[in-house]
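Structural overview for review
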Amino acid sequence: MQSGLVELLNSNRISAELKTIADKIYNNQRISESDALVLFQQGSLPFLGALANFVRERLHGDTTYFNRNFHIEPTNLCVFSCNFCSYSKIYAKREEGWELSIDQMLHMVQKYDGQPVTEVHIVGGVHPKMDLQFFADLLKAIKTHRPGLHIKAFTAVEYDYMFRKAKVSVEEGLKILISHGLDSIPGGGAEIFHPDIRTKICADKVDGDGWLNIHAAAHKLGLHSNATMLYGHIEKFEHRIDHMNRLRTLQDETKGFQTFIPLKFRNRDNDMSNVAESTIAEDMKMYAVARLFLDNFPHLKAYWPMLGRHNAQMTLSFGVNDIDGTIDDTTKIYSMAGSEEQTPTMSTEQLVALIKQVNRKPVERDTLYNVVKDYSDVTVAEEAGFSSN
Ligand code: V47
Ligand code: SF4
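Residues numbered from 1 in each chain as written. Chains lettered and ligands numbered in written order. Predicted model: local features only at pLDDT ≥ 70, side-chain atom pairs only at ≥ 80, totals over all residues. Heavy atoms only, no water.

Within an unreviewed UniProt entry, the label attached to the chain reads Aminodeoxyfutalosine synthase, and the organism entered is Lacibacter luteus. Under Pathway (unreviewed entry), UniProt gives the following word-for-word description of the chain: "Quinol/quinone metabolism; menaquinone biosynthesis." (UniProt positions renumbered as here; feature names shortened; annotations may be inferred.)

**Focus: the domain arrangement of the chain**
In terms of domain boundaries, the chain breaks down into domain 1 (2-60) and domain 2 (65-383). Relative placement of domain 1 and domain 2: their C-alpha centres are 29 Å apart. Listed as interface residues are 23 residues of domain 1 and, on the opposing side, 30 residues of domain 2. Interface area lost by domain 1 to domain 2 is led by Arg 30, Phe 40 and Arg 56, which between them contribute 34%. Counting every contact that joins domain 1 to domain 2 gives three salt bridges. Of the charged contacts, one joins Arg 30 and Asp 252 as a salt bridge, the two residues approaching to 2.8 Å between their closest N and O atoms. On inspection of domain 1 and its partner domain 2, the count reaches ten residue pairs in polar contact (both at pLDDT 80 or more). Broken down by secondary-structure element, the contributors of at least two residues to the side of domain 1 that touches domain 2 are helix H3 (33-42) and helix H4 (45-60). The class makeup of the residues in the side of domain 1 that touches domain 2 is twelve nonpolar, seven polar and four charged. (Domains from an automatic or database assignment. Contact = heavy atoms within 4.5 Å. Buried area = accessible area lost by both parts, 1.4 Å probe. Salt bridge = Lys/Arg side-chain N within 4 Å of Asp/Glu carboxyl O. Polar contact = N/O pair within 3.5 Å; in protein donor to acceptor, adjacent residues only side chain to side chain. Helix = DSSP H or I, 4+ residues; strand = E, 2+ residues; numbered from the N terminus. Nonpolar A, V, L, I, M, F, W, Y, C, P; charged D, E, K, R; others polar.)

**Description of the site of ligand 1**
Near ligand 1, the surroundings consist of 23 residues, among which Lys 152, Gly 187, Gly 189, Glu 191 and Lys 301 are the closest. Between ligand 1 and the protein, one listed contact pairs a nitrogen atom with a backbone N or O atom of Phe 84 at 2.9 Å. In the environment of ligand 1, an oxygen atom lies 2.4 Å from a nitrogen or oxygen atom belonging to the side chain of Glu 191. Elements with a minimum of two residues in the shell around ligand 1: strand S6 (224-231) and strand S7 (257-264). (Near = heavy atom within 4 Å.)

**Side note on the environment of Arg 365**
Position of Arg 365 relative to the elements: it lies in strand S10 (residues 361-365). With 193 residues separating them in the primary sequence, Arg 365 and Glu 172 have C-alpha atoms 30 Å apart. Filtering out sequence-adjacent residues up to four positions away, Arg 365 remains in contact with Tyr 65, Phe 66, Asn 67, Thr 118, Lys 301, Asp 322, Asp 324, Asn 370 and Val 372. A distance of 3.0 Å separates the side chain of Arg 365 from the side chain of Asp 322, its partner in a polar contact.

**Things to note about the UniProt feature "domain: Radical SAM core" (unreviewed entry) in the chain**
What UniProt calls "domain: Radical SAM core" (unreviewed entry) maps, in this numbering, to residues 64-298. Regarding residues 64-298, the helix share stands at 41% and the strand share at 14%, and the terminal C-alpha atoms are separated by 13 Å.

**Re the pattern of salt bridges**
Applying the stated criterion across every chain, the model contains 21 salt bridges. Glu 235 serves as the salt-bridge partner of Arg 240, at 2.9 Å between the closest nitrogen and oxygen. For the pair formed by Arg 240 and Glu 235, the shared burial category is buried. Here the salt bridges do not stand alone but share partners, grouping Arg 30, Asp 252 and Asp 295 into one network. (Buried < 20%, exposed > 50% of the residue type's maximum accessible area, 1.4 Å probe, protein only.)

**Quick look at the UniProt feature "binding site: S-adenosyl-L-methionine" (unreviewed entry) in the chain**
The sites that UniProt annotates as "binding site: S-adenosyl-L-methionine" (unreviewed entry) are Phe 84 and Glu 191. Taken along the chain, the residues just named run across 108 residues; in space they keep tight, none of their C-alpha pairs more than 9.8 Å apart. Looking at the secondary structure, you find Phe 84 in the loop between strand S2 (69-72) and helix H5 (102-110). On the accessibility criterion, Phe 84 (14% relative accessible area) is buried. Excluding residues within four positions of it along the chain, Phe 84 makes contact with Glu 191, Ile 201, Cys 202, Lys 205, Leu 230, Phe 265, Asn 270 and Met 272. Tracing the backbone shows Glu 191 in the loop between strand S5 (184-185) and helix H9 (195-201). Residue classification places Glu 191 among the buried positions, given a relative accessible area of 7%. Discounting residues that sit within four places of it in the chain, Glu 191 has contacts with Phe 84, Arg 198, Ile 201, Cys 202, Lys 205, Thr 228, Met 229, Leu 230 and His 243. Within the structure, Glu 191 has its side chain in polar contact with the side chain of Lys 205 (distance 2.8 Å).

**Topic: helix H10 (residues 208-220)**
The end-to-end C-alpha distance of H10, which contains 13 residues, comes to 18 Å, matching closely the 18 Å that a straight helix rising 1.5 Å per residue would cover. Of all 13 residues in H10, ten are buried; the element is thus mostly enclosed. Along H10, the residues classified as buried are Gly 208, Gly 210, Trp 211, Leu 212, Ile 214, His 215, Ala 216, Ala 217, Ala 218 and His 219. (Expected span 1.5 Å × (residues − 1).)

**Focus: the packing of H5 against helix H6 (residues 132-145)**
Contact geometry of H5 with H6 gives a least axis separation of 10 Å together with a crossing angle of 30°. In terms of orientation, H5 and H6 fall into the roughly parallel class. Considering only the axes of H5 and H6, their crossing is right-handed. Along its contact with H5, which presents Ile 102, Met 105, Leu 106, Val 109 and Gln 110, the element H6 presents Phe 134, Asp 137, Leu 138, Ala 141, Ile 142 and His 145. (Axes fitted to C-alpha atoms, helices over the stretch in contact; angles between N-to-C directions. Parallel < 35°, antiparallel > 145°, perpendicular 65-115°, else oblique. Left-handed = near helix turned anticlockwise from the far one by under 90°.)

**Observations regarding the site of ligand 2**
Taken together, Cys 78, Phe 80, Cys 82, Phe 84, Cys 85, Tyr 87, Ser 88, Gly 125 and Lys 205 form the complete shell of residues around ligand 2. Grouping the amino acids of the shell around ligand 2 by side-chain chemistry returns six nonpolar, two polar and one charged.

**Some details on helix H11 (residues 237-254)**
Helix length check: H11, at 18 residues, gives a terminal C-alpha distance of 26 Å against a target of 26 Å (1.5 Å per residue), a fit within 8%. Of the positions making up H11, those classed as buried are His 239, Arg 240, Ile 241, Asp 242, His 243, Met 244, Asn 245, Leu 247, Arg 248, Leu 250, Gln 251 and Thr 254. In this structure, the buried residues of H11 make contact with H3, H9, H10, S6, S7 and helix H12 (280-293). One or two steps after H11, the chain reaches Lys 255, where phi turns positive at roughly 55°.

This is the structure in structure tokens:
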């Protein structure tokens, strides 16, 4: 066991209850929902960090993944009205938003011709006129142009609307999109599954069971997906734990989730601006408890455009083993919600430097966590490096 963890466990400052939970984790036993509540309520930052880091290193050593990717956001017009969303516009105010054509999106892909990106991440608002056929044509156009580019596209919220409108089952709809080039599914739209909270923050979109059913169907068709949780607003610890428990239960069945991504609620320019944001210490605890509770999720990701690069770097000591990608300033969701990252882009050298600065091992991955390149022994140019100031 790591010496820091031994010291903590032997310290008189740790209650018997916390020691019992730590023993379970050390012995690779699953912790319960009530254990997770104790961790949230009583676990100090160093205690949770030491335990989560222990699990992270047991799973991955120092390896910290990143990828080279870019986003396409087809539209920010949306038929739904989630209270936390700073990004969407209703269709009636369409002149204030954007709607991209297939040609425009294909040009965005073509901009990366000859560049070693491995993934395009496509998500946006739920546009009443962008239908299943439109998105199938988009996938086909991208795949025809660049067959090797992995397409991770559309949240369960977008699928639910798209498939209902096309009057096809989830399975039929996914099969159509897979045949046109869909490779995997991102984790958005999960928010908080528990209806007590979901009905207050995003009442009109797919509910928690619907979200989980879509991911279950995707896993059964052989797709991998991610899962997110929007935390740090009006939910209680119990709702976070319920959310993670539903994910853990589905993962036991399907094993199709790759990564869990806690998303910190940002409060600028939305209908929940009166709700204070969580502190950085609370964020770190969230990552740590997620790592300890989700024992069947291989990866835990900190999405740096949302958290800010310095905080994302800190999460690497709280269970996180993945910090997503280069992004290239292609997403607006977080800059519009008040993230310090107003033009999110990092070069490969900056990502490598960011990871090396905290003595971890940077490894470029593809979307399915195949190793593209191990950067442990690669010296990055100083001028391209990442400054901690
Ligand atoms: O579902 C919207 C969140 C999500 C706010 O799978 C907000 O690899 C905080 O899911 N404050 C979409 N969060 C983004 C997403 C994602 C991002 C990166 C990687 C992956 C992946 C998935 O953004 C939405 C919602 O939960 N969001 N508004 C806000 N104000
Ligand atoms: Fe629409 Fe997504 Fe914003 Fe909700 S979070 S309003 S579904 S774009």
